[in-house]
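Letter by letter, the chains look like this.
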Amino acid sequence: MSTKASGTFDLTSFEPEVLDEGLGAALGRVRITKTFQGGLVGTSTVHMLSVADSEGSPAAYVAVERFTGELNGRKGSFVLQHSAPGSRGEQQIAIRVVQGTGSGDLAGITGAFEIQSEDGSHSYVLEYTLG
């Protein structure tokens, strides 16, 4: 049976770097740090590779994110994998807990993570099971 955790998070740093600008697209790398409140209490670091189209709009990204802290009172860490193919509103972002990455009280965690973003604020829902 799965359990849900929800809350908000703040971006505490956003460090972009252009890796390759060519015809039709720019490739980049971004390091992001976040602070979580709610069911997740702690911090994370995201390492993202991104593609911007010829107009500079986001087109696709992949990322890994390590969360460290507490999940509904259980201490530990785990890694999320992000994948967002597509562009211009057709993105279907998939974020999942990478199996085997849970530590401490979060060993054996699996699940899916969803982000909502509105007016500059960010919220999340993590649906998970602990093995």
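Residues numbered from 1 in each chain as written. Predicted model: local features only at pLDDT ≥ 70, side-chain atom pairs only at ≥ 80, totals over all residues. Heavy atoms only, no water.

A. Inspection of the nonpolar core at higher detail. Judged by nonpolar contacts, the single largest core of 16 residues is most densely connected at F36, L40, L71, F78, F113 and L126. Breaking this core down by element, the ones donating at least two residues are β1 (3–22), β4 (58–71), β5 (74–84), β6 (94–97), β8 (109–118) and β9 (121–130). Here this core gets 3 residues from one element, more than from any other, and that element is β9. Beyond its immediate chain neighbours, meaning those up to four positions away, L71 contacts A5, G39, L40, L106, I109, L126 and Y128. In this structure, M48, Y61, A63 and A84 belong to the second largest nonpolar core, which totals 7 residues. (Core = buried A, V, L, I, M, F, W, Y, C linked by side-chain atoms within 4.5 Å. Buried < 20%, exposed > 50% of the residue type's maximum accessible area, 1.4 Å probe, protein only. Helix = DSSP H or I, 4+ residues; strand = E, 2+ residues; numbered from the N terminus. Contact = heavy atoms within 4.5 Å.)

B. Region of interest: the pairing of β9. Sheet analysis places β1 next to β9, joined by 7 bridges and oriented antiparallel. Paired with K4 across the two strands is E127, which belongs to β9. As paired strands, β8 and β9 are joined by 10 bridges and run antiparallel to one another. Each bridged residue has a counterpart across the sheet, and for S117 the counterpart in β9 is H122. (Pairing = 2+ DSSP bridges.)

C. The pairing of β1, seen in detail. Here β1 runs beside strand β2 (residues 25–38); their pairing, made up of 14 bridges, is antiparallel. What sits directly across from T8, in β2, is Q37. Hairpin connection from β1 to β2: 2 residues lie between these consecutive antiparallel strands, with G24 at a positive phi of about 90°.

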